[in-house]
Amino acid sequence: NFDSGNDNGWTKIGNKWNVQDGKYYGGRAVPAGGENRSFIGDQEWTDYTITLDANLLNGPGYGVYFRATDFSAVDAYCFQYDPGYNLPNGSFIVRKVTNGNEANVPLARYDLSAGYSWRDNEKSIKIEVSGSTFKAYVSDVNAGSSPVITFSDSSFSTGAIGLRTWSNAYASFDNITVTQNK
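Residues numbered from 1 in each chain as written. Predicted model: local features only at pLDDT ≥ 70, side-chain atom pairs only at ≥ 80, totals over all residues. Heavy atoms only, no water.

Draft legend 1. Focus on the sheet that holds strand E5 (residues 48-58). One open sheet holds the seven strands; their spatial order is E2-E3-E15-E5-E11-E12-E13, and the pairing between them is antiparallel. Where the open sheet ends on each side, the last strands, each with one partner, are strand E2 (17-20) and strand E13 (149-152). Each neighbouring strand pair of the sheet contributes to a mean axis angle of 25°, computed without reference to strand direction. Here E5 runs beside strand E11 (residues 123-130); their pairing, made up of seven bridges, is antiparallel. Directly across from Tyr48, in E11, lies its bridge partner Val129. (Pairing = 2+ DSSP bridges. Helix = DSSP H or I, 4+ residues; strand = E, 2+ residues; numbered from the N terminus. Axes fitted to C-alpha atoms, helices over the stretch in contact; angles between N-to-C directions.)

Quick look at the structure:
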């Protein structure tokens, strides 16, 4: 968590990251544009589970990287909390990111129904990374007990974790844990 008031060693790509009131904020509340990435962990990590609390306060969405390497020109998978994808309702998607560029077509997606509450309420996110199989959970969908996304891909076998905002997105992150799978 960020109760200490600092970012505890995160590697920031983009200058729009700060700690405030015990949370880690990415992006800006006013139109700022651009890509903001922040990473932590060992690029040799293999199988793990990420849990975090996140809140989209403004803009088009946020992402959680896993199996991330080469932070400046990142190779990774990215779970995206994306109300702008599949308009008008939005989707959770996973994109493969190679040399910092997202693939146009998601590896997996979960389309939301009309009326989903995207902004101004904290969601608990869990991502299980195991071999070439990945599962993502969101606390207020399926009661958080079954995955919103399950997919398999063997492009990246190791990597750290990270966070992302884009365009004028502004989001808070807290209670981030990474637990090695047994």
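Draft legend 2. Up close: the pattern of salt bridges. A full pass over the atoms with the stated rule returns eleven salt bridges. Of the charged contacts, one joins Asp174 and Lys23 as a salt bridge, the two residues approaching to 4.0 Å between their closest N and O atoms. Separated by 151 residues along the polypeptide, Asp174 in strand E15 (residues 170-180) and Lys23 in strand E3 (residues 23-27) bring together distant segments of the chain. Exposure remark for Asp174: the relative accessible area of 9% places this residue in the buried category. In this structure, Arg109 engages Asp111 in a salt bridge whose closest nitrogen and oxygen atoms are separated by 2.8 Å. Among the ionic contacts, a cluster of salt bridges with common partners joins Glu35, Arg37, Arg95, Glu102 and Arg164. (Salt bridge = Lys/Arg side-chain N within 4 Å of Asp/Glu carboxyl O. Buried < 20%, exposed > 50% of the residue type's maximum accessible area, 1.4 Å probe, protein only.)

Draft legend 3. Highlighting the pairing of E2. When E2 meets E3, the two strands line up antiparallel, connected through four bridges. Bridging from a neighbouring strand, Trp17 pairs with Gly26 of E3. The antiparallel hairpin formed by E2 and E3 contains two residues in its connecting segment, where Asp21 sits at a positive phi of about 50°.

Draft legend 4. Inspection of the side chain of Arg37 at higher detail. Considering the arrangement of structural elements, one finds Arg37 in strand E4 (residues 35-40). Classification of Arg37 as buried rests on a relative accessible area of 9%. Side chain to side chain, Arg37 and Glu35 meet in a polar contact 3.0 Å long. A polar side-chain atom of Arg37 sits 3.0 Å from a polar atom in the side chain of Tyr65. The contact partners of Arg37, leaving out residues within four places of it in the chain, are Thr11, Lys12, Ile13, Trp17, Tyr65, Val74, Gly100 and Leu163. (Polar contact = N/O pair within 3.5 Å; in protein donor to acceptor, adjacent residues only side chain to side chain. Contact = heavy atoms within 4.5 Å.)

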